[in-house]
Structures are given as C-alpha cells and as structure tokens.
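Now for the letters of each chain:
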Amino acid sequence: MANSTKSKEIEGNLSKAFATIDLDSKDLLFERVRAINEERDDYVNKRAIELASDEYLQRHFRDFVPGTPDEKATFIRSLSLERKIDIIADYTIERRIFEGNEQDRVKLSDIYKHKKENKLRYKEQALELINMYERILKENQTKIDTLKADIETTKSNIASSEAKLQEIIGKDDEALAYAGRQSTKFNKDKAIQEMQKNIASLKAKLSKQEKLLTELQEIQSKFEVEFANRKAEIEIELQKEEIYLYDRVANKEKSTDDSQENTKSDETKENEDTQTILQPAKQVGDRNIAKAMMDDFFNLSPEDQRKLLDRMDNQGILDMARKLGQVNRARFNVILNARLDELKQDSIDFNGISITKQELKDMKHISPDKLKAIREELDTFNSEFENKSIDEIETFESKLQYVRIGALLSETGSLRGITRFLDGISSKGNGNAIFELSKSFARYAEIKRQRTCEKDNWVDSLRAEIGRKPKHKLAKDGTIQLNRDPNKKSRFEGRSEDR
C-alpha cells in the first residue's frame, strides 16, 4: 500500500534536511580535513625541490631520471614525506651546525601548531555536525510522539462513545429524556445512529493515525540508519588524520605524550650507548678486539660494508686492519679488492692528476706525486669541510672511496706487520706516506662522523615537527659501528655460522 501524502511529505523534508547538511557542512568539513596537511606538504615540497640537485637525486634514488624542472618537481613530490625531510636535512645541516640556523624546524613547528589547532576546530565542527543530524531525528521523533498521544486520545474517545452508545441502547426514551433534561421526547433511534456514525468516524481516524504512525516509524528507522552511516563516516574520515571524537581523544593524546616520553628515554639511552661505543678503546691494539671487529665486518652485507668503509669508523677499521692476524688480514684483503672492483670508474683525479684503480691496488709502488696530490686535496677538504654542501661532500666521497680502500689494502698485504716496521724506519718507498695519508683519512672520517650524527639528530628534530617518531638507531648512519668487545657475539653471529 502506498504511503500517505503526509508521510511522503515528512520523508521528503527529512531527505532534504540531510542532503542540505551533507552539502553545506559534511562535505565542507571533509574537504578541510583532507587538506589539513596541505600547508606542511607545500612547504616540504617547495624546500626539497629548491634544494635537491639532479646529481643528488641520481645518487640516492635509482629510479630518478634527469629531465625538465617540472619532471624533477613531480618526482620529488612523489617521494614519501620522510624521504623529503631527509633531503632537507642533508642540505641544511651545515647551516644548523655552523650558523645555528633552524629556519626549517621553526617553520615546520609553526605549521604543526596550526595543524593541532585545526584538529581541535574540526573535532568541534564534527561533533556539531553529528548534533545537526540528531536534532532533525529528534524533531521527527517529537512528531511521532505527538501522533502517539493523539492516537491514545482517539482511542479514549472511541471507548467513551461506545460506552455512551451502550447507555443509550439500554434505557427507555422517558428515562433518557429525563436524564438528558430534554424538553421534548428523546429520539432514541436518531441518537443511536448519530453515535454510531461518530464512532465510525473516530475509528476511521484511528486507522489513518495508526497507518501514519507505522509509516513515520519506518521513516524514522530508515533515517536512523542514515544517521549511523554518516556518524561512522565522519569518525572514520577524521581518524585518518588522528582526530578522535568523544573520550578517545584524551586517551590518544595521553598515549602520544607517553610515547614521546618513552622516545626521549630511548633516545637518551641510545646517545649514551653511542657515546660509549665511540670512546677510544683502551686496548684497541689487542688482536682479540680486531678479530671481533673483523667477524662483525665479514658478515655485513656488501652495502653495509661500503657504508662503513665510506662514511664511518675509518679509524676503527684502520686499527683493525693493522692488528689482525695473517689469516684474517688475508680475508679482509679479499673483501677490500671485491669492494674496489665494484666501483665503476677505472680512474679518478686528485688535484688534476689521474690515478688508476690498478695503481690504488698497489699503493706501495704508486708515484709519490700522486700520493701527495691525494693528501693535499684531502687536507684542503678537511680544512674547508664546514663550507661544503652535501653535493660537494658526496662528489668528493665518490672518488675518496677508491683511495680509502687502496690505503686499507696497503695495510692488509702479506707480512704487512714486518714491512710496516721497515717502512717506518726507511726513507725509501711509500710506507710512511701511506701511513700519513691514513691519518688524514681518519681526520676526515671523524669530521664526517660528527656531521652524520648531527644530521641524524637534525632529521629527528624535523620529524618531530611533523608528528613523526625519531628514526630507529639501525636506520641512522651515525650509529653504524663495529663490535669491539671480544666477549660479545657479533650482531651477525647467526649468519657467520652458515659460512
């Protein structure tokens, strides 16, 4: 049976009211919530695009292909937020170290504050939006409750009229006339007909009221489902940006605060551990320590071996190479040759002098002028390091890795302990020059290590301003160290058992 005109009108009004809220309030709120990170993303994209060079992107991202500025910008925008923060940190760490410039952190902090303010505002708007739907349903429920009361009144009137009809039927005309104080003779038949007509009218009214009530209750149930769907949609949409309604927001904020406190504690412990590791070992010349370091190095992946050789712990590796036994020194020599063979160029230039990869494999017999050229450029770079950009550092690194491996190879040849002693007391050969060059490498490694640690801390500072946790220490280049404790198992002991 088709719904009544009245129920159709009410359903139409409800649909219109919900649609108006959807269009004017819900969709607008969702649009704002989805754009809550727009200011942050615009700033991070802008900074990464203006800072990163094509060479940097090629070194760090295998799938980057140099092209137009627009293509470069599109590629950078496609990177994760964390990778773009890494780019900004790489290019701004020198200004932070030597100038105390924290422009990017301050800007991101301001943006993050705006975001937190917006999150509170959007939460309030979402709660008010939910209340708007609820008020419409309450208004309709009021109509239903009023109709229920009208139905009870109609039923009462019917009962009263039926009782009156029975009263009329049960008495004679004179008694009824007297009871009704009629001045003329009472027409019983007419009274019965009128009462029956009235009862029939009341029952017809009741039937319509009850039908309308059923229709309105069905409509109410339908829109309660609509409301529940919208409420869930609002909660889910806001949760995507960690905006939590009702009591959960307090729990979430408390959890975040606790997490930050725990993170600080972890960071403190991590820094203490790192500082402990970086302290010069009192017995660095002990062969057992060198053996422990070698075991750790041997089981690293080739990529991690290159990181240690290229970036960190150069002095530690140098000490290890000098104090290894003959067998382990030979193993290390094989690894170093493999890492050098993997490098793409056949020759490199230092101070305008070309040096071949083959020459670097036997630095003991290389021209002294070439060793001098390497040493002079390295010392100059060390003295000017604070003025170098990440592109200049990485360009220099790309050729320094050849010489660094070559110098280590000179420390791992057969009977190297004896020849090192003879080199030290002889004015002939390159032994002493290579030894001095190794000191410059160690100086460079220490400067680079400090810069890398500062960059790791700078990245964590920037990450904090975008609501991210600090990087885990295993993801930080500044924490990469070899095991120096002979009593402690290698971090990769499980792998070493397989070889």
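Keep in mind that what you see is a predicted model, and the values were worked out from it rather than measured.

Colleague: I tried to follow empty space enclosed by the protein on my own but got confused; where do I start?
Modeller: Any empty space left between atoms is shown by rolling a water-sized probe over those atoms. Inspection of every chain in the model, using the stated rule, returns two cavities of 30 Å³ or more. For the largest cavity, the full set of lining residues is Arg 47, Thr 92, Arg 95, Asn 101, Glu 102, Gln 103, Asp 104 and Trp 458. Sorting the residues of the lining of the largest cavity by element identifies helix H5 (81-99) and helix H6 (103-170) as the ones contributing at least two each. Grouping the constituent residues of the lining of the largest cavity by class yields one nonpolar, three polar and four charged.

Colleague: I tried to follow the side chain of Ser 161 on my own but got confused; where do I start?
Modeller: Among the structural elements, Ser 161 can be located in helix H6. In this structure, Ser 161 is in contact with Met 195, Asn 198, Ile 199 and Leu 202, ignoring residues within four places of it in sequence.

Colleague: Even after reading the chapter, I still don't get the packing of helix H15 (residues 368-383) against helix H16 (residues 390-410), so can you show me in this structure?
Modeller: Working note: a packed helix pair is described by the angle between its axes plus the distance between those axes. One way to put it is that H15 packs onto H16 with a least axis distance of 12 Å and a crossing angle of 145°. Considering how the two elements wind past one another, H15 and H16 form a crossing that is left-handed. For the pair formed by H15 and H16, the contact residues are Ile 374, Glu 377, Leu 378 and Phe 381 on the first element and Glu 392, Ile 393, Phe 396, Lys 399, Leu 400 and Val 403 on the second.

Colleague: Before we go on, may I ask you to explain the side chain of Ser 7 in this structure?
Modeller: Note on placement: Ser 7 falls in helix H1 (residues 5-34). Side chain to side chain, Ser 7 and Glu 215 meet in a polar contact 2.8 Å long. Not counting chain neighbours up to four residues away, the residues in contact with Ser 7 comprise Leu 212, Glu 215, Leu 216 and Ile 219.

Colleague: Please clarify how the pattern of salt bridges should be interpreted in this entry.
Modeller: It is possible for side chains of opposite charge to pair when their charged atoms get near one another. In the structure shown here, the tally under the stated rule is 38 salt bridges. The salt bridge partner of Glu 11 is Lys 222, with a shortest N-O separation of 2.8 Å. With a gap of 211 residues between them, Glu 11 in helix H1 and Lys 222 in helix H8 (residues 188-239) connect regions that are remote in the sequence. The exposure class of Lys 222 is partly exposed, given its relative accessible area of 41%. One network of salt bridges, with partners in common, ties together Lys 46, Arg 47, Glu 50 and Asp 104.

Colleague: So what exactly am I meant to see when it comes to the nonpolar core here?
Modeller: Nonpolar side chains in soluble globular proteins tend to be buried together. Within the largest apolar cluster, 45 residues are counted, with the highest numbers of intra-cluster contacts made by Met 320, Phe 332, Phe 350 and Val 403. When contributions to this core are tallied by element, the ones reaching two or more residues are helix H10 (287-298), helix H11 (302-310), helix H12 (314-323), helix H13 (326-342), strand S1 (347-350), H15, H16 and helix H18 (431-464). With nine residues, H16 is the largest single contributor of residues to this core. The contacts of Val 403, once residues within four sequence positions are left out, are Ile 348, Phe 350, Leu 360, Met 363, Ile 374, Leu 437 and Phe 441.

Colleague: Looking at this model, I keep getting lost on unusual backbone geometry. Mind explaining?
Modeller: It is generally the case that most residues other than glycine have a negative phi and that most peptide bonds are trans. For Glu 242, which is not glycine, the phi torsion reads 60° and is therefore positive. Its location among the elements puts Glu 242 in the loop between H8 and helix H9 (248-278). On the basis of relative accessibility, which here comes to 44%, the residue Glu 242 falls in the partly exposed class. Although it is not a glycine, Asn 351 sits at a positive phi angle of roughly 50°. With respect to the helices and strands, the residue Asn 351 is situated in the loop between S1 and strand S2 (353-356). Under the relative-accessibility criterion, Asn 351 is labelled partly exposed at 45%.

Colleague: Would you take a moment to explain helix H4 (residues 69-78) for this structure?
Modeller: For an α-helix the count is 3.6 residues per turn, leaving residues at separations of three or four pointing the same way. Those residues of H4 lying buried are Lys 72, Ala 73, Phe 75 and Ile 76. Viewed end-on, H4 has its buried residues packed into an arc of 160°, placing them on one side of the element. The outward face of H4, more than 90 degrees from its buried face, is lined by the exposed residues Asp 70, Thr 74 and Ser 78. In this structure, the buried side of H4 is in contact with helix H2 (38-51), helix H3 (54-60) and H5.

Rules and cut-offs
Residues numbered from 1 in each chain as written. Predicted model: local features only at pLDDT ≥ 70, side-chain atom pairs only at ≥ 80, totals over all residues. Heavy atoms only, no water. 1 Å grid on protein atoms, 1.4 Å probe; cavity = no way out; pocket = protein on both sides within 12 Å on 5 of 7 lines; lining within 4 Å. Points joined across faces, edges and corners; volume = space filled by probe spheres on them. Helix = DSSP H or I, 4+ residues; strand = E, 2+ residues; numbered from the N terminus. Nonpolar A, V, L, I, M, F, W, Y, C, P; charged D, E, K, R; others polar. Contact = heavy atoms within 4.5 Å. Axes fitted to C-alpha atoms, helices over the stretch in contact; angles between N-to-C directions. Left-handed = near helix turned anticlockwise from the far one by under 90°. Polar contact = N/O pair within 3.5 Å; in protein donor to acceptor, adjacent residues only side chain to side chain. Salt bridge = Lys/Arg side-chain N within 4 Å of Asp/Glu carboxyl O. Buried < 20%, exposed > 50% of the residue type's maximum accessible area, 1.4 Å probe, protein only. Core = buried A, V, L, I, M, F, W, Y, C linked by side-chain atoms within 4.5 Å. Arc of directions from axis to C-beta.

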